[in-house]
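Structural features, examined
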Amino acid sequence: MTEKRTPNLLVEPNKFCPGCGHGIINRVLAEVLEESGLADYAVGSLAVGCSCLMMDTFGTDWVQAPHGRAAAVAVGLKRMRPDCCIFTYQGDGDSMAIGFSETLYAAIRNENITAILVNNGIFGMTGGQMAPTSLPGQRTTTSPKGRDAGTTGQPLNMVDQMKHLPIGYLARGSVASAKDINKLKKYIKAAIETQMNGGGYSMVEVLSFCPTNWKMSMEKSVAHVQNTVKNIFPVGEFVKNGERTDA
Ligand SMILES: Cc1ncc(C[n+]2csc(CCOP(=O)(O)OP(=O)(O)O)c2C)c(N)n1
Ligand code: SF4
């Protein structure tokens, strides 16, 4: 039997709720940075939301941006320190609502940074309000009867917004199974390699869970991502080495 070592970058146990997908994504990101020899050269940019809980437990340097502005801060960091691996780590509420413009414009300009966007379909930290990614019919604290797509629009598909742009790498993964987590690691590794090779903007969206605000057990959360969320947000690689893979 072999024992898998916890990455040194995870300097303290995480502070997320039990069953939260952020913990898995943190682990995968830490493994990729360490295995790529980038642990001492990585700087993260985050803003608000449950990702902020990483600042004490994930041992890279961090810069905290105002709500939604992590991409703009990351661009500044990368321009000053092109030798470093610069990544954003944001929830969907932060990166796709108030931060939509900053997130998309970093991609439009093909900035050489890596964005990790965690799609749990909700504003987690603030108590479960509707996010741009909430599904039609999804009950949240601000859509207690279920999201009405007729008045609030369809869920925002950030991959669709970006896949036509001249960017380096684009993928959507999930944490809903061991197989998915292995693929997610491959996607995050490819995104970071793209950046470190000067290949332009890279983004990995991750379908995650918020069992606390979804008010679902772990089992139901996994089934929800597998059977429902993935139908709205398909997973896979969409741009590799600057070329569309799904065209
Ligand atoms: C200017 C400003 N407005 C509102 C907030 C409140 N706020 C804190 S976290 C958050 C969004 C969290 O949702 P998300 O980005 O999806 O991350 P999650 O917590 O689900 O991981 C908001 C709106 C804030 N911190 N700053
Ligand atoms: S509120 Fe949701 S997203 Fe935040 S730590 Fe808890 S389960 Fe995770």
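Residues numbered from 1 in each chain as written. Chains lettered and ligands numbered in written order. Predicted model: local features only at pLDDT ≥ 70, side-chain atom pairs only at ≥ 80, totals over all residues. Heavy atoms only, no water.

Per an unreviewed UniProt entry, the chain is named 2-oxoglutarate oxidoreductase, and its organism is Oceanidesulfovibrio marinus.

1. Looking at the overall build of the chain
For the chain, the count of helices and strands is nine helices and ten strands. Over its C-alpha atoms the chain spans a radius of gyration of 17 Å, differing by no more than 12% from the 18 Å that the globule rule assigns to 247 residues. Principal axes of the C-alpha set define a box for the chain whose edges measure 50 × 45 × 35 Å. Expressed as a percentage of its 247 residues, the buried residues of the chain come to 53%. Counting contacts in the chain only where the partners sit at least 6 residues apart, residues at least 24 apart contribute 67% of the total. Computed over 24 positive and 22 negative side-chain charges, the separation of the two mean positions in the chain equals 5 Å. (Helix = DSSP H or I, 4+ residues; strand = E, 2+ residues; numbered from the N terminus. Rg over C-alpha atoms; globule rule 2.2 N^0.38 Å. Buried < 20%, exposed > 50% of the residue type's maximum accessible area, 1.4 Å probe, protein only. Contact = heavy atoms within 4.5 Å. Lys, Arg positive; Asp, Glu negative; His and termini not counted. Charge placed at Lys NZ, Arg CZ, Asp CG, Glu CD.)

2. Focus on the site of ligand 1
Surrounding ligand 1, one finds 15 residues, the nearest of these being His22, Asp92, Gly93, Asp94 and Gly124. Contacts to ligand 1 include Gly93, whose backbone N or O atom sits 2.8 Å from an oxygen atom. Gly124 places a main-chain nitrogen or oxygen 2.7 Å from an oxygen atom of ligand 1. Computed on the free molecule, ligand 1 has an accessible area of 590 Å², of which 71% lies beneath the protein chains in the complex. Of all the secondary structure elements, the ones that give two or more residues to the shell around ligand 1 are helix 3 (92-98) and strand 5 (122-123). At three residues, the largest contribution of residues to the shell around ligand 1 is made by helix 3. Residue composition of the shell around ligand 1, by class: five nonpolar, eight polar and two charged. (Near = heavy atom within 4 Å. Polar contact = N/O pair within 3.5 Å; in protein donor to acceptor, adjacent residues only side chain to side chain. Areas by Shrake-Rupley, 256 points an atom, 1.4 Å probe, with all protein chains shown as cover. Nonpolar A, V, L, I, M, F, W, Y, C, P; charged D, E, K, R; others polar.)

3. Considering the pairing of strand 3 (residues 85-91)
Of all seven residues in strand 3, seven are buried; the element is thus mostly enclosed. Here strand 3 shows two buried faces, one formed by Cys85, Phe87, Tyr89 and Gly91 and the other by Ile86, Thr88 and Gln90. Pairing geometry for strand 1 (residues 42-46) and strand 3, over four bridges, is parallel. The residue bridging Val43 from the neighbouring strand is Ile86, located in strand 3. Note that strand 3 and strand 4 (residues 114-119) share five bridges and pair parallel. When the sheet's bridge partners are listed, Gly91 is paired in strand 4 with Val118. (Pairing = 2+ DSSP bridges.)

4. Thoughts on the environment of Ala70
Counting through the fold element by element, Ala70 comes out in helix 2 (residues 70-80). Given a relative accessible area of 0%, Ala70 falls into the buried group. Residues Ala70 and Asp94 lie 24 residues apart in sequence; the distance between their C-alpha atoms is 8.9 Å. When near neighbours in sequence (up to four residues on either side) are disregarded, Ala70 contacts Ser45, Leu46, Ala47, Ala65, Thr88 and Gln90.

5. Some thoughts on the site of ligand 2
Looking at ligand 2, the residues that line it are Phe16, Cys17, Cys20, His22, Cys50, Asn120, Gly124, Cys210, Pro211, Thr212 and Asn213. At three residues, helix 8 (residues 211-214) tops the list of elements feeding residues into the shell around ligand 2. A breakdown of the residues in the shell around ligand 2 according to their chemical character gives six nonpolar, five polar and no charged.

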